Each structure stands twice: as C-alpha cells, then as structure tokens.
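# Observations on chain architecture
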Amino acid sequence: MDIFHAIIMADKEKIQSSGGFAKTTNFKWLGVGVAIFTLLALMPTPESMVSKASEIFGSDLSPEIIAQRAYNMKIIIALLGMCSVFFATEAIPMPAVALLIGLVQLFFGITQPARIVSTYAHDAVWFIAGSLAIGSTLVKYGLDKRIGMLVVKLSGTKTRNIVLGLLLGTAIPSAFINEASIAPMYIPIALALYTLTNKTISAPNLGKLLMMSIAIGCMVGAPMSPTGGARNAIMIGFLEDYVSPNVSFFEWMSMGVFYTAIMSVLMAFLLPLLFKPEVKDLSDAVSVLKSDLEKHGKMTGKQWLVGGIMLLMIFMWITDKTVTAGILGFPLGLGGVAITGAVLYMLLGLTSWKDYEENVSWGVIILYAGAISLGAVFKASGAAKWLADSMIEIMANFGIGSGLPLILVVILIGALLTNLMSAGATVAVIGPVVLEMAQSSGTNPVLVGVGLAIATSLAYWLVIGTPASSIVYAAGMLEAKDFIRMAVFAWPMALIVMAAMVIFWWAGVLPYEFGIDITRIPGAGG
C-alpha cells in the first residue's frame, strides 16, 4: 500500500468518528429547551400579536379566530426559542429537531397535515438530497482524489503556492459539492506533505498551516453558488415568497464570486503569517507524493462519464431558467436538476440505491427539510411579520431601519449566530425574520437574504463551526485555540470584505438597488 492510501485509511476512522448525528439526548439542555417553550407558550398573548393577526388576516374575522391566529403566532415564537436552544447545543439528535418542528405544528393544530408534508418536500430539500447523492458518486469513483492530484501538480513546490493551491482547490469544488465531501479528499494530501517533511525537520506549523488552509478554503468557497451548502438552498426556498423570478444559479454566483475570490487571496497571505511554516519549499515531499499519486493511472471510462454528468448538472443548474425553460417550457428547479443527476447515475449503472443508502447522510436531508418547514410556518402564521416589525421599531431608533444599514446589520447578526449554531440552522431561524424586515422596510430582500446566507459562512471561531472545521480538527494536527487565533484576524477581515462586496460589487458593479425591485415583486410581473 502506498503512502497516500495508508494515510487515507489511517485518517478515515478519525473523520467518521467526528460525525454529529451519533450523539444522543443531553437531558440538561433538553430540559432548558422545553422550559423555554413552555414559558413562552403559557404566557399571555401580547396585544401586539392580536393587532398584528388582525392586520395580516383581516379585521373582518371574528375575535375568536383572530385570538386563535395570535395564539398560533405565540406557539411558533415558542417553537423558535426551543429550536434555537436545540440547534445551538445539539440537545437532541438534529434530525429529531427537524421532525419535532412538524409535530408541534400538528399537535397544536397550526398547520394541516398535508401542508406540513409539502413543506418537508420543498424543492430545496430535493436539491440537498440530489447534491449529496451526486457527491457520493464522485467519491465512489475516486474523482475527489483526482482533483487533489491535479492541485498538487499545478501548485508547484513553494509552500505559499501550495497554500494558495489548497485554498482554491477546496474553495472552487466546495461551491458545487458539499464541503463535508471536499475536506476529506485533501486531508490525506496535506498529511502526506507534512509527514514526509517532518521526517527531516520538525514542522508542526506546516501541518497546522496546511490543515487550516483546507478548512478555510471550504468556508470561503461554499457561498459562491446555491450548491455550496444547504444554507444557500434554504435561503433560495425562503426567497421564493419574496421575489419573482427567484434568484437563479448564475445570479447567485455573480453575487458570491467576489467574496470567494477576495477572501481566498487574503487568506493565502494571512495564514502563513499566523502559522509560519518551518520550510519554504516542499520539493522532496511533493516529489515523493507525485510518484505515489501517479500509480492511480489514467482516468477510466466510467470516471469520465461520472465527471461528465456532474458537469452537465452544473450547466443545467446555471441555465435552468434559460436553456432548460426554453426547451421544456418551464424550469426544473435546483432540486429537479439535482435529482435528475442522482437518478441518471443509477440508470447508467454507475451506482446503486444501496450506495446512496450507505453514503448519503439522510439525517442532513431530514434536518434541512425541518428547517424549511420552520421557515414556512414562521411566515404563514404571521410570527415572522410580528417579530420583524418589532425589531424594525427598535432598530429605527438607531437609524438602521432600512437599506444599506439594515443589510450590514443582518450580515453582522448572521456572522455572530453562525458561530453559536450551524449555518443552516442560523438561516432557518432568522431567515424568515430578516426577509420580513426587508419587505416591511422597503429593502431589497435579495441583498438581505443572500447577504445573510454568505455571512453564515463566517463560522471561524470554533472547531464545530463547519463540517470542514470538524473534519480537519479530527485529523489531529490542529488545536481548538488555533481556530480562535485565526478568527481574531480573519473574522473582522471577512466582515470588511462583505461590506465592500455589498457597497462596491453588488450596488456598484452588478448593480442592485438597496430598495425593493418593483419588477420582482411576486405577482407584479418581471
């Protein structure tokens, strides 16, 4: 067995053991979450909720019905409070939180059973399922390792160039494939470079630098496209109710590419300063690694076919509302394209359903289905409107009620919360609220929504911030304090980059207006 495969096998058990879905109930935090739900549910319904229910659903309804609608708002606010605790502390298995969201709606009579089921089968859920299935097939045929080999060949031997290669090599595919699939394919390469170098000179900083580059690359690459993470798909699902036509694949990429490109370059300079490598050139290690990697041989016919179908799916995602809609008369949606790719792999005999059963994280799919359902009931019940208007009143006192100030505040809130709970959970919890704030204040919901989704990639502070962070930490080269050390500089720098993106790229180059685009109001045409 060559050194590359030896490291892969040694590292595989560490990565697999770091999964969060293996956790069981933490009864202390379960009690805290249930207590918050109970207290909020039993408190008297605020008069502001009654007034808001009358405003939203019509003052011609009977007082009893208005009171019931206001009560539903209160229950959903209580559900939000409980879910926030569960998302932040992982008090119960995450898929259980997702299912609990539907059960609360059902037991309190807030949503009809058929409607609950439909929210769990949203296009965004199809998209997440299909994307994970496509990613698992790429890994099955070793295309992940091929990409890693290509990065090593193109990066040269200088340590700084290899760091840049790792950043771009993880960032670009992370825009199209889940980062949980991207990080593991680069870890063996980074470990091999470190191990081979460490034989001649002690190089702990080199190991930290290479590993941190992988984690950061995944974090800065994922915001670039809708397929870069479930948070992006969730936000597109929410935006469907606020803009028409909805944000397309290409539109999202045009908005996100600024952040990915600028942060990749800046981190290529920052990381070597924070983790100063002991050697500036890795010629010997790269030479040995290349000879090991060349043993894989040329691409097989099936690998070319798998890669070709993946490229076809990316093309269909980008052109869904133009080429596909022109041919079929309607778009397939991100989810429809993703499932098409997953099924196509099976039809061509490239994979089996058993492969999907074993290699696709079905818990992730259920988790984000629940997040979509929470967002849907949050809006439909009027709870999002009530909370948004309440927050706007408070923020208006500080002169940040609408436009650019509101967008920047939403970005800051997202960047803070994503370090306390997962990015998807952050978008699920506050996404409906900030979109309602945008609509109520006359602010462009596209800028608020996409800004929030990108901001949730700034989970720099903790090991558990992102799947990529957890995976590289499990490899054993990094300590928790290394992430904090990096975040002290990288987190504020990323906020500055985001502010520049909104002001100079979105509003200056693309360009977008900070106010609502009347041509994209649902039902208004355009």
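Note that the structure is a prediction, hence the values are computed from the model and not measured.

## Here's the deal with the overall build of the protein
- Along its length, the protein carries 25 helices and zero strands.
- For 526 residues, the compact-globule formula gives about 24 Å, and the C-alpha radius of gyration of the protein, at 24 Å, lands near that figure.
- By its C-alpha atoms, the protein is 80 × 50 × 50 Å across when sized along the principal axes.
- Counting contacts in the protein only where the partners sit at least 6 residues apart, residues at least 24 apart contribute 81% of the total.
- Accessible area of the protein: about 21500 Å², with a carbon and sulfur share of 68%.
- Across the protein, the mean location of the 30 positive side-chain charges is 9 Å away from that of the 30 negative side-chain charges.

## A short note on helix 8 (residues 143-155)
- The end-to-end C-alpha separation of helix 8 is 18 Å, in line with the 18 Å expected for 13 residues at 1.5 Å each.
- Listed in full, the buried residues belonging to helix 8 are L143, D144, R146, G148, M149, V151, V152 and S155.

## Details of the packing of aromatic side chains
- Under the criterion given, the structure shown has eight aromatic pairs.
- Measuring from centroid to centroid gives 5.8 Å for F37 and F108, while their planes differ by 65°, and the two rings are edge-to-face. Residue F37 is found in helix 2 (residues 27-42), and its partner F108 is found in the loop between helix 5 (94-107) and helix 6 (113-120); the two are separated by 71 residues along the sequence.
- For F37, a relative accessible area of 11% gives the class buried.
- Ring geometry for F176 and F249: centres 6.4 Å apart, planes at 20°, overall stacked. You can see F176 sitting in the loop between helix 9 (159-174) and helix 10 (179-198) and its partner F249 sitting in helix 13 (residues 249-274), a full 73 residues away along the chain. As far as the burial class goes, F176 and F249 line up, both buried.
- Connected via pairs of aromatic rings, a cluster forms that spans F127, F176, F249 and W317.
- Above the ring of F57, the side-chain terminus of R69 is found at 4.6 Å from the ring centroid.

## Quick notes on the packing of helix 20 (residues 383-396) against helix 22 (residues 423-441)
- At their nearest, the axes of helix 20 and helix 22 sit 8 Å apart, and the two run at 65° to each other. Two packed elements cross with a definite hand, and for helix 20 against helix 22 that hand is right-handed. Packed against helix 20, whose contacting residues are A384, K385, L387, A388, D389, M391, I392 and M395, the element helix 22 presents P432, V433, E436, M437, S440 and S441 at the interface.
- Grouping the amino acids of the contact of helix 20 with helix 22 by side-chain chemistry returns nine nonpolar, two polar and three charged.

## Description of empty space enclosed by the protein
- Tallied over the entire structure, the rule returns four cavities of 30 Å³ or more.
- Taken as a whole, the largest cavity spans an internal volume of roughly 80 Å³.
- What lines the largest cavity is simply F127, I128, S131, L132, I177, N178, T227, G229 and A230.
- Looking at which element gives the most residues to the lining of the largest cavity, the answer is helix 7 (residues 123-140), with four residues.

## Looking at unusual backbone geometry
- Cis rather than trans, the peptide bond between S244 and P245 has omega equal to 0°.
- For P245, the position within the fold is in the loop between helix 12 (230-239) and helix 13.
- Residue L510 is joined to P511 through a cis peptide bond whose omega torsion reads -25°.
- Here P511 shows up in the segment after helix 25 (480-509).

## So, the confidence of the model for the protein
- Across the protein, pLDDT averages 87, with 94% of residues at or above 70.
- Ignoring residues within four places in sequence, the model shows residues 8-19, a span with pLDDT below 50, making 14 contacts including any to other chains.

Definitions and limits used
- Residues numbered from 1 in each chain as written.
- Predicted model: local features only at pLDDT ≥ 70, side-chain atom pairs only at ≥ 80, totals over all residues.
- Heavy atoms only, no water.
- Helix = DSSP H or I, 4+ residues; strand = E, 2+ residues; numbered from the N terminus.
- Rg over C-alpha atoms; globule rule 2.2 N^0.38 Å.
- Contact = heavy atoms within 4.5 Å.
- Areas by Shrake-Rupley, 256 points an atom, 1.4 Å probe, with all protein chains shown as cover.
- Lys, Arg positive; Asp, Glu negative; His and termini not counted.
- Charge placed at Lys NZ, Arg CZ, Asp CG, Glu CD.
- Expected span 1.5 Å × (residues − 1).
- Buried < 20%, exposed > 50% of the residue type's maximum accessible area, 1.4 Å probe, protein only.
- Phe/Tyr/Trp six-rings, centres within 6.5 Å; stacked < 30°, edge-to-face > 60°.
- Lys NZ or Arg CZ within 6 Å of the ring centre and 35° of its normal.
- Axes fitted to C-alpha atoms, helices over the stretch in contact; angles between N-to-C directions.
- Left-handed = near helix turned anticlockwise from the far one by under 90°.
- Nonpolar A, V, L, I, M, F, W, Y, C, P; charged D, E, K, R; others polar.
- 1 Å grid on protein atoms, 1.4 Å probe; cavity = no way out; pocket = protein on both sides within 12 Å on 5 of 7 lines; lining within 4 Å.
- Points joined across faces, edges and corners; volume = space filled by probe spheres on them.
- pLDDT = per-residue confidence, 0-100.

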